[in-house]
Amino acid sequence: MTNYKVEVTRDGKWWMVSIPALDGLTQARRISEAEQMAREYIAVTTGTRIEDNTVTMHLDVEGVPAGERADRIRTDRAEAARLEARALAEAKALAHDLAEHGVPVRDIDAILGVTFQRASQLVNSRLTTPAVECAPPHEYVEAQCVRGSG
């Protein structure tokens with residue numbers, strides 16, 4: 001499998017898809033079509049199957065490194081989801097621990113900084129053993145972890 005670097009830029013209403021290794025240029029109407037257009041161009045030019053080639057796209061819009069920035073945003077969102085899942089698991093564990101020690105839900109809500117209703121949900125939630133990598137090191141862990149998003 002061969003990987004090709006592809007540079008994508010905006011030109012009027014079109015996305016120009018350049019494949020420098022082949023001195024090639026194609027275009028796409030939508031950015032979502034750019035990768036497929038590049039792979040088709042590569043396959044036709046090199047006489048290979050489309051699935052035998054991969055592309056690494058570099059997206060630049062008039063000096064704005066949109067691809068790099070979008071990648072950072074996706075990475076940040078995935079990290080935020082991981083941290084949110086960890087915080088939820090720890091909040092459930094703490095709510096259970098406090099309830100087991102006789103702390104009223106009205107006080108658990110203040111400790112956790114949530115509403116009475118949310119504290120009640122956390123106290124009554126089911127706890128499981130660690131099932132995913134992103135869980136905190138605690139004996140009570142959320143059964144599912146958000147595994148990133150777009």
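Presented here is a report on the structure given in the accompanying data block. (Residues numbered from 1 in each chain as written. Predicted model: local features only at pLDDT ≥ 70, side-chain atom pairs only at ≥ 80, totals over all residues. Heavy atoms only, no water.)

**Quick look at the nonpolar core**
Using the following cut-off: Side-chain atoms within 4.5 Å link the members of a nonpolar core, which is a set of buried Ala, Val, Leu, Ile, Met, Phe, Trp, Tyr and Cys residues. Partly exposed describes any residue whose relative accessible area lies between the buried limit of under 20% and the exposed limit of over 50%, with all areas from a 1.4 Å probe on protein chains only and scaled to the type maximum. For helices the rule is a DSSP run of H or I covering at least 4 residues; for strands it is a run of E covering at least 2, with both sets numbered from the N terminus onward.
Judged by nonpolar contacts, Tyr4, Val6, Val8, Trp15, Val17, Ile19, Ala28, Ala34, Ala38, Ile42, Val55 and Leu59 together constitute the single largest core of 12 residues. Counting only elements with at least two residues in this core, the list comes to strand S1 (2-11), strand S2 (14-19), helix H1 (34-46) and strand S4 (53-60).

**Considerations on the packing of aromatic side chains**
Within a pair of aromatic rings, the relevant descriptors are the distance that separates the centres and the angle that separates the planes. For clarity, the threshold we go by: Only Phe, Tyr and Trp rings are paired, with Trp represented by its six-membered ring, and only when their centres lie within 6.5 Å; those with planes under 30 degrees apart are stacked, over 60 edge-to-face, the remainder tilted. Any Lys NZ or Arg CZ that is within 6 Å of a ring centre and within 35 degrees of that ring's normal is treated as a charge sitting over the ring.
Using the criterion set out here, one finds zero aromatic pairs in the structure. The cationic tip of Arg29 hangs over the ring face of Trp14; the distance from NZ or CZ to the ring centre is 5.1 Å.

**Remarks on the sheet that holds S1**
The criterion, for reference: Any two strands with at least two DSSP bridges between them are considered paired. A fitted line through C-alpha atoms serves as each axis, taken over the contacting stretch for helices, and the angle formed by two N-to-C directions is quoted from 0 to 180°. We call two residues in contact when some of their heavy atoms are within 4.5 Å.
Taking strand neighbours across the sheet as the criterion, the four strands line up as S3-S2-S1-S4 in an open arrangement whose pairing is mixed. Pairing within the sheet leaves two strands with one partner each, and these edge strands are strand S3 (24-28) and S4. Neighbour-to-neighbour, the strand axes of the sheet open up by a mean angle of 30 degrees, direction not taken into account. Here five bridges tie S1 to S2, and the two strands are oriented antiparallel to one another. Along S2, the bridge assignment pairs Glu7 with Ser18. The strands touched by H1 are S1, S2, S3 and S4; relative to S4, the strand with the most contacts, the crossing angle is about 135 degrees.

**Concerning the environment of Thr56**
Note on placement: Thr56 falls in strand S4. For Thr56, a relative accessible area of 42% puts it in the partly exposed group. Along the primary structure Thr56 and Glu35 are separated by 21 residues, whereas in three dimensions their C-alpha atoms are 8.6 Å apart.

**Things to note about the side chain of His96**
Definition in use: Any N or O atom pair separated by 3.5 Å or less is treated as a polar contact, with the protein-specific requirement of one donor-capable and one acceptor-capable atom, and with residues adjacent in sequence counted only for side-chain atom pairs.
Tracing the backbone shows His96 in helix H2 (residues 66-100). In terms of polar contacts, His96 uses its side chain to reach the backbone carbonyl oxygen of Leu122, at 3.2 Å. Setting aside its immediate chain neighbours within four residues, His96 contacts Leu122, Val123, Ser125 and Leu127.

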